[in-house]
Amino acid sequence: MLEVNNLKKINIGIVGATGMVGQTFLNVMEQRDLPLENLYLFASKKSKGKKLIYKEKEYVVEELNEKSFDKPIDILLFSAGGEISKSYAPLAIEKGITVVDNSSAWRMDENVPLVVPDVNPEDINWHKGIIA
């Protein structure tokens, strides 16, 4: 298991936070006790205002839009489908955010590492903003 207790606190955003994979991201982050400075949750207009709990703290889900990444986000986890990823991941990269995408949108892009942690974790080192 990855030791994260000695890492600096980071700012994480989750696109698709109210979906099954988004909820799994939150559960794994909590189980691993990921040191967070800020957590931002994004989803569709339908989920805007929904409240989610992470480490006994309530977070309000924001509607994903072009200004969503005007926040201090270090890593943005995407699990909202390929079209959303293709539309919004480049906007995040322009803001200096590292995108980790769970959709199939970038998997076959030769400029995007497809990382399987138990197989090729070293490939994370050559990303240019997006990791599939």
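As the structure is a prediction and not an experimental result, all values here were calculated from the model.

## Structural notes on the overall build of the protein
Secondary structure assignment for the protein yields 2 helices and 8 strands. Order of helices (α) and strands (β) in the protein, N terminus to C terminus: β-α-β-β-β-β-β-α-β-β. What you see for the protein is a C-alpha radius of gyration of 14 Å, in line with the 14 Å of a compact globule of 132 residues. Along the longest, intermediate and shortest principal axes, the C-alpha atoms of the protein span 35 × 35 × 25 Å. Within the protein, the fraction of its 132 residues that count as buried is 39%. For the protein, the share of sequence-separated contacts (at least 6 apart) that also reach a separation of at least 24 residues comes to 51%.

## With respect to helix 2 (residues 82-94)
In an α-helix, one turn spans 3.6 residues; hence positions three or four apart end up facing the same way. Taking 1.5 Å of rise per residue, 13 residues should cover 18 Å, and helix 2 covers 19 Å from first to last C-alpha, within 8% of that figure. When the local axis directions of helix 2 are compared, the greatest deviation, roughly 30°, occurs at tyrosine 88, which is followed within four positions by the proline proline 90. Of the residues making up helix 2, those classed as buried are Ser85, Tyr88, Ala89 and Ala92. Looking one or two places after helix 2, you find glycine 96, whose phi comes out positive at around 85°.

## Regarding the nonpolar core
Val15, Phe42, Phe69, Ile73, Leu76, Phe78 and Trp106 are the most contacted members of the largest nonpolar core, which has 18 residues in total. Residues contacting isoleucine 73, with those up to four places away along its chain left out, are Asn11, Ile12, Gly13, Tyr40, Phe42, Ser68 and Ile97.

## Let's talk about the side chain of asparagine 11
As for its position among the elements, asparagine 11 is in strand 1 (residues 10-15). Residue asparagine 11 is classed as buried on the basis of its relative accessible area, which comes to 11%.

## Overview of the confidence of the model for the protein
Do not read the predicted coordinates in detail wherever pLDDT is low. Scored by pLDDT, the protein has a mean of 91; 95% of the residues are at 70 or more. At the level of individual helices and strands, the protein shows its lowest average pLDDT in strand 8 (residues 130-131), which scores 90, and its highest in strand 5 (residues 62-63), which scores 98.

## With respect to the sheet that holds strand 6 (residues 75-78)
With parallel pairing, the 6 strands of this open sheet are ordered in space as 5-2-1-6-7-8. With partners counted over all chains shown, the strands left at the sheet margins are strand 5 and strand 8, one partner each. Two strands pair when backbone bridges link them, and strand 2 (residues 36-43) and strand 5 are joined in this way by 2 bridges, in the parallel orientation. Within strand 5, the position partnered with phenylalanine 42 by the bridge is glutamate 62. Sitting on the sheet, helix 1 (residues 20-31) is in contact with strand 1, strand 2 and strand 6, with an inclination near 155° to strand 1. Those strands touched by helix 2 are strand 1, strand 6, strand 7 (98-101) and strand 8, and its axis lies near 180° from that of strand 6.

How each quantity is defined
Here the residue index of a chain counts from 1 through its sequence in written order. Only residues with pLDDT of at least 70 are given local features in this predicted model, and only at 80 or more are side-chain atom pairs given and counted; all residues enter the totals for whole chains, interfaces and linings. Side-chain numbers come from the whole structure's heavy atoms, not from hydrogens or water. The helix and strand labels rest on DSSP assignments: H or I over at least four residues marks a helix, E over at least two residues marks a strand, and numbering proceeds from the N terminus. Atoms counted for the radius of gyration: C-alpha only. Globule rule: 2.2 Å times residue count to the power 0.38. Think of it in three bands: residues with accessible area under 20% of the maximum for their type are buried, residues over 50% are exposed, and the middle band is partly exposed, with areas taken using a 1.4 Å probe on protein chains only. Contact definition: two residues touch when any of their heavy atoms are within 4.5 Å. Working rule for helices: expected span equals 1.5 Å times residues minus one. Two axes are fitted around each residue, one to the seven residues ending there and one to the seven starting there, and the angle between them is reported as the bend at that residue. Buried residues of nine kinds, namely Ala, Val, Leu, Ile, Met, Phe, Trp, Tyr and Cys, make up a nonpolar core once their side-chain atoms join them within 4.5 Å. Confidence scores here are pLDDT values: one per residue, from the predictor, ranging 0 to 100. Strands are treated as partners if at least two bridges between them are detected by DSSP. Simply put, an axis is a line fit to the C-alpha atoms, just over the touching stretch for a helix, and the angle between two N-to-C directions goes from 0 to 180 degrees.

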